[in-house]
Amino acid sequence: MTTRYADFYRQSIDQPEAFWAEQARLIDWQTPPAQICDYSNPPFARWYAGGTTNLCHNAVDRHLADRADQPALVAISTETDSERSYSFAELHAEVQRMAAVLLALGVTKGDRVLIYMPMVAEAAFAMLACTRIGALHSVVFGGFASGSLASRIEDAEPVAVVSADAGSRGGKVVPYKPLLDEAIAQSRHKPQAVLMVNRGMAPMPLHPGRDHDWAALRAQHLDATVPCEWVDATHPSYTLYTSGTTGKPKGVQRDTGGYAVALAASMQHIFDAKPGDTYFATSDIGWVVGHSYIVYGPLIAGMTTIMYEGLPIRPDAGVWWSIVEKYRVTHMFSAPTAVRVLKKQDASWLRKYDVSSLKALWLAGEPLDEPTAQWISDALQVPIIDNYWQTETGWPILTLANGVEPQTTRFGSPGKAMYGYAVKLIDESTGEELTGAHQKGVVAIEGPLPPGCMQTVWRDDQRFVNTYWKSIPGKLIYSTFDWGIRDADGYHFILGRTDDVINVAGHRLGTREIEESIASHPNIAEVAVVGVADALKGQVAMAFAVARDASGLGDPAARLKLEGEVMQRVDQQLGAVARPSRVHFVTVLPKTRSGKLLRRALQAVAERRDPGDLTTMEDPAALQQVRELVGQGG
Ligand code: AMP
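Predicted model only: the values in this text are computed from it and were never measured.

Here the bond from arginine 314 into proline 315 is cis, since omega is 5°, no more than 30 degrees from zero. One can find proline 315 in the loop between strand E17 (304-309) and helix H12 (319-327). The residue after glycine 447, namely proline 448, is reached through a cis peptide bond having omega -5°. Take proline 448: it is sitting in the loop between strand E24 (441-446) and strand E25 (456-457). Within the chain, glutamine 381 stands out as a residue other than glycine whose phi angle is a positive 60°. Counting through the fold element by element, glutamine 381 comes out in the loop between helix H15 (370-380) and strand E20 (384-387). Assessed through its relative accessible area of 64%, glutamine 381 is described here as exposed. Not every positive phi belongs to a glycine, and phenylalanine 481 is a case in point at roughly 65°. With respect to the helices, strands and loops of the structure, phenylalanine 481 is situated in strand E26 (residues 478-486).

Our focus in this paragraph is the site of the ligand. Within the structure, the ligand sits among 14 residues, and Asp386, Thr391, Asp482, Arg497 and Arg508 are positioned closest to it. In this structure, an oxygen atom belonging to the ligand sits 2.8 Å away from a side-chain N or O atom of arginine 497. One of the side-chain N or O atoms of arginine 508 is found 2.7 Å from an oxygen atom in the ligand. Contact with the protein chains hides 92% of the accessible area of the ligand, taken as 490 Å² for the molecule alone. If you list the elements that add at least two residues to the shell around the ligand, you get E20 and strand E27 (492-497).

The UniProt entry lists residues 5-59 under the feature "domain: Acetyl-coenzyme A synthetase N-terminal" (unreviewed entry), expressed in the numbering used here. This span, residues 5-59, is 42% helix and 20% strand, and a straight line between its end C-alpha atoms measures 28 Å.

By size, the foremost hydrophobic cluster in this structure holds 122 residues, and its most contacted members are Trp20, Leu128, Tyr293, Tyr296, Phe333, Trp395 and Tyr419. Ranked by residues supplied to this core, first place goes to helix H6 (residues 121-133) with 10 residues. Core analysis: the next-biggest nonpolar cluster, separate from the first, contains 28 residues, Val74, Trp320, Val355 and Val382 among them.

Rules behind the numbers
- Residues numbered from 1 in each chain as written.
- Predicted model: local features only at pLDDT ≥ 70, side-chain atom pairs only at ≥ 80, totals over all residues.
- Heavy atoms only, no water.
- Helix = DSSP H or I, 4+ residues; strand = E, 2+ residues; numbered from the N terminus.
- Buried < 20%, exposed > 50% of the residue type's maximum accessible area, 1.4 Å probe, protein only.
- Near = heavy atom within 4 Å.
- Polar contact = N/O pair within 3.5 Å; in protein donor to acceptor, adjacent residues only side chain to side chain.
- Areas by Shrake-Rupley, 256 points an atom, 1.4 Å probe, with all protein chains shown as cover.
- UniProt positions renumbered as here; feature names shortened; annotations may be inferred.
- Core = buried A, V, L, I, M, F, W, Y, C linked by side-chain atoms within 4.5 Å.

See below:
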């Protein structure tokens, strides 16, 4: 028997043109697209080529007729104890002010604007202002430090940077300006303008001629009207950097028309959302969830979106549920790690508030373990919906499209292939498709990728093709670099990465980047970083390093000192998110005779698992040291 969703899915794969032509009606076009998908140059898909539209128009202006006075954006900070609500009309005014300021600073269509901001409303104004004038934003997570920021400035070559004096985490103020100044000093590219939002939290000395104060410029453009720039559907709307297996992060480039349609469609089919509903995603604008489901998705759907700065347990573990109660949140989106943090607190916090407005809780970013899913399901009494996707795809690959047809959740599985995604499981070595139930393969997607997915790697088409489309032998197919299996009913299970990317508390980190940072310490000769299973964060980074001068390292105090120095270096260069949980010192790293690092063996031993076949290993004593360090003795 076919189900409604099965038919819907089949149509999206068998008749993509008709399917996506229908979905395109969910957004406003200045010129309707002449063509639905131009796939004449695979794997580059040009969705809705010839159509013209604007993301900011679809997120803001188009709601003015029906819901000008409805709250559009509510920015809540438990760090500064503030709440600010903007109606669609007010958001429209603020975005135009920001757009006018960016134009005055010399930003034009196609230019990049780098946004390095905490979770304040101005960050969303800046994003929307960019897409309004056809400039590309490149948001860098506020938790990243100067080294990460510098490499992104260098790659994106922004004309302007928008930043703030400081962010705050757990009551601790993190000044941004010194990190930004340091990053600009390190970068070969120098932005011509820096726009600073002053929250009154930290000094932000302005460099004459380059730096500007937002409040002062805003005051000059209070009555600005800046029309939306109608851009081609294939005009890039933004780049967002993500970690891979090399030290150099990739700029994921997204289009305009396909992205707007994909988000509008997902709000309907996946989230079953209605205009006037309230969406609360606890992520950060520095991540893809922040782009798709804090800023653009909910606004395109005419919902109220909540931006939150703070922890889930401060001032107490009831804070999120108090927000749900106060704003009658209908849709909530978070990450498994946050739920595991809450799970360590008293469950009665959940019962203190009326959360009856919630329709469901969506969780993504990392594997959702069954006990965590069960706990939050019991506590909230609403469907808990896992969803699997990537920065590259912009919206879920696997989940349940409950807006099309309500389906049963199976804990441990993010669900079924979403419409538009021709998901296949592929045998890594032969490239053959695995069609049987419970066969483990690489999760791959046949081209064209649906609307909303990455167009290319920023300024590096070859890297896009080589990295994502050439890893499966004999086939041009997109690899997610995740292992998966599928059961007989089409529910998928994700079994971890096939590459050296790790996932700490839902944040994706490249072990190579961390290794490069550690290896820059003068006393580190060689280092390997692996992801090790962690009950709270899913995974943590663990480093095994060989010191150049190990003579004093017999002394525990000297080891601790060097470990502290290495961690500080990672903090300064990449940010605390990338800091390894431990830096262990060894005299040799496990390698093959040809010198290739045996990362999977190292990871297995660090996780106290059997490392498997070690016949290719150069020096068996290497793993013995690791065993002793992680406390397995002999
Ligand atoms: P990011 O691009 O930072 O969103 O990271 C994407 C990666 O996170 C995926 O390739 C997976 O490895 C992992 N991931 C995201 N969502 C899930 C999920 N629901 N279940 C399991 N792994 C996930």
